[in-house]
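# Summary of the model geometry
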Amino acid sequence: MMVFDYIRNLGNQEHPQVLLITVFVAVLCLCLIIGHLLEENRWVNESITAILTGCVAGTVILFLSKGKSSHILTFNEELFFIYLLPPIIFNAGFQVKKKQFFQNFLTIMFFGVFGVFISAVVITAGSRWLFPKLGFVGLTAREYLAIGTIFSSTDTVCTLQVLHQDETPLLYSLVFGEGVVNDATSVVLFNAIQKLDVSRVDGRTVLHVTGDFFYLFLTSTALGVIAGLVAAYILKTLYFGRHSSIREISLMILIAYLSYMLAELLQLSGILTVFFCGILMSHYAWYDMTDSSRITTRHVFATMSFIAETFIFLYVGMDALDIEKWKMTKLSFGTLMAIYSTLIFLILLGRAAFVFPLSALSNYLNRKAERTEVITFKHQIIIWWAGLMRGAVSIALAFKQFTYSGVTWDPISATMITNTIIVVLFSTLVFGFITKPLISYLIPHHETCKIRHGESAVPKDDLNVPLLSFEESTATNIGRAKDSLSLLIERPISTIHSYWRKFDDSYMRPIFGGPVTNQSQC
């Protein structure tokens, strides 16, 4: 106790913020060590380790501070959105396996975009109907809509740590792709709801919100693509690596961050922008760098993302013991438990409402695509389960909606913050503990994917169809166009993929960089 008082007094006298950050970084280091020691544990993953470490640290701090506080730093949503979220999303785009991602692009968009809308509707309608029956009243219409988006944002880290890209490439691609697109969609939809006039909600208002959403989605994506292409062109043209590897790595980091901040400045979605910037950089710019820079960039981006994610989960664990928020809540323990249970139930229901129907739709659209592996019922269960965990984005959106710089004096807002933290803790710990055994049971380790790496999604002869030629006769080009149209109707996804591959090899890679693939490869 005396040691803690001494440190606290020292912090009050000299550089208090520096002291608090020092203690938090020390706890962060301890969390990494514990995670390493538990690496082989079949029940625990990095997210669970960080949350449990945060809870233990919060308990110690709460005890030493005599019940005044359980956390070291105060949550700031601007800190999260400006500094912590960009490296996480950029690394997701940079590390994604583009072949599987774009081959399953339509299915990923189904889950990540339309799935968020369906889940948000279910959670919003369910909470607005059930909360008053449980004795929890006082939320506005906009806050109910915000709740739908807050609890529709998934955290697939637990599942991705168990799945193997080489053994289950289709399943890994769907879970990974949907997780990233889901986060971006949730943030875009959340921002669109903040601009909504809830005093008069009709069909025109819904169309307006939908239009704003797709405008933000498309323009943010376009900005990310442009930023990635600009970085690739600069690296290919100027060849920074001949003088310094540090400059080309720094240029990639700064352009990626610039794209995110520019999107936020233009009131677009920085998440979408930096995600697609990462995809374009890994597809083109990465091949314009020296060998040493290629290795360094992958490790640097992964390290920045890992630290940011651990930082967030560690704080969530500490904030779960924030006594001030619990004291502000006026509801009884039974009512709070009923609200938590209701939110968990709505999350389960909202996720099931789109995973199984959209999986069936995806299988139907790919029935003629000669894809050797469909989304089986076991796969659908794993995809459904993978999206049940709630994480960093849910926490950030909840704090953005119900607090001001991490502080609130409203009992209703305090209740929603504690609700969000409990749901994140429960879903991450309980659902996360079950993830590894569940996937091992549904997909034993010895079962491997039927899709072979060298296997093409379309016949080799079809690869000659996509692009027309100015050197051939009009009749030949017309016949080729008819063949292309028939292929597009019969196998839309695989045909579009082959079109893009041909165009990419012929026009994009010679300008922006990257090896030209063989026609027999994807």
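It should be noted that the structure appears before, not after, this text.
Residues numbered from 1 in each chain as written. Predicted model: local features only at pLDDT ≥ 70, side-chain atom pairs only at ≥ 80, totals over all residues. Heavy atoms only, no water.

Let's shift gears to the environment of S245. Within the secondary structure, S245 is located in helix α11 (residues 245-265). Classification of S245 as partly exposed rests on a relative accessible area of 25%. In this structure, the C-alpha to C-alpha distance between S245 and T290, residues 45 residues apart in sequence, is 7.2 Å. Aside from chain neighbours lying at most four places away, what touches S245 is T290, S292 and S293. (Helix = DSSP H or I, 4+ residues; strand = E, 2+ residues; numbered from the N terminus. Buried < 20%, exposed > 50% of the residue type's maximum accessible area, 1.4 Å probe, protein only. Contact = heavy atoms within 4.5 Å.)

Attention shifts here to the nonpolar core. In terms of nonpolar packing, the biggest core is built from 126 residues, with I147, F151 and M281 touching the most fellow members. Dropping the residues within four chain positions of it, F151 is found in contact with I123, L343, I347, R390, M416, T420 and V423. (Core = buried A, V, L, I, M, F, W, Y, C linked by side-chain atoms within 4.5 Å.)

For G278, the position within the fold is in helix α12 (residues 270-283). Owing to a relative accessible area of 0%, G278 belongs among the buried residues under this scheme. Note: C-alpha distance between G278 and F90 (188 residues apart in sequence) is 5.2 Å. Sequence-distant contacts of G278, that is, excluding residues within four places in its chain, are made with F90, G93 and F94.

Let's shift gears to the environment of D183. Locating D183 in the fold gives a position in helix α9 (residues 169-194). Overall, the relative accessible area of 12% leaves D183 in the buried class. Separated by 210 residues in the primary sequence, D183 and V393 have C-alpha atoms spaced 6.8 Å apart. Here D183 is in contact with S153, T154, I271 and V393, once residues within four sequence places are set aside. At 3.0 Å, the side chain of D183 and the side chain of S153 are in polar contact. (Polar contact = N/O pair within 3.5 Å; in protein donor to acceptor, adjacent residues only side chain to side chain.)

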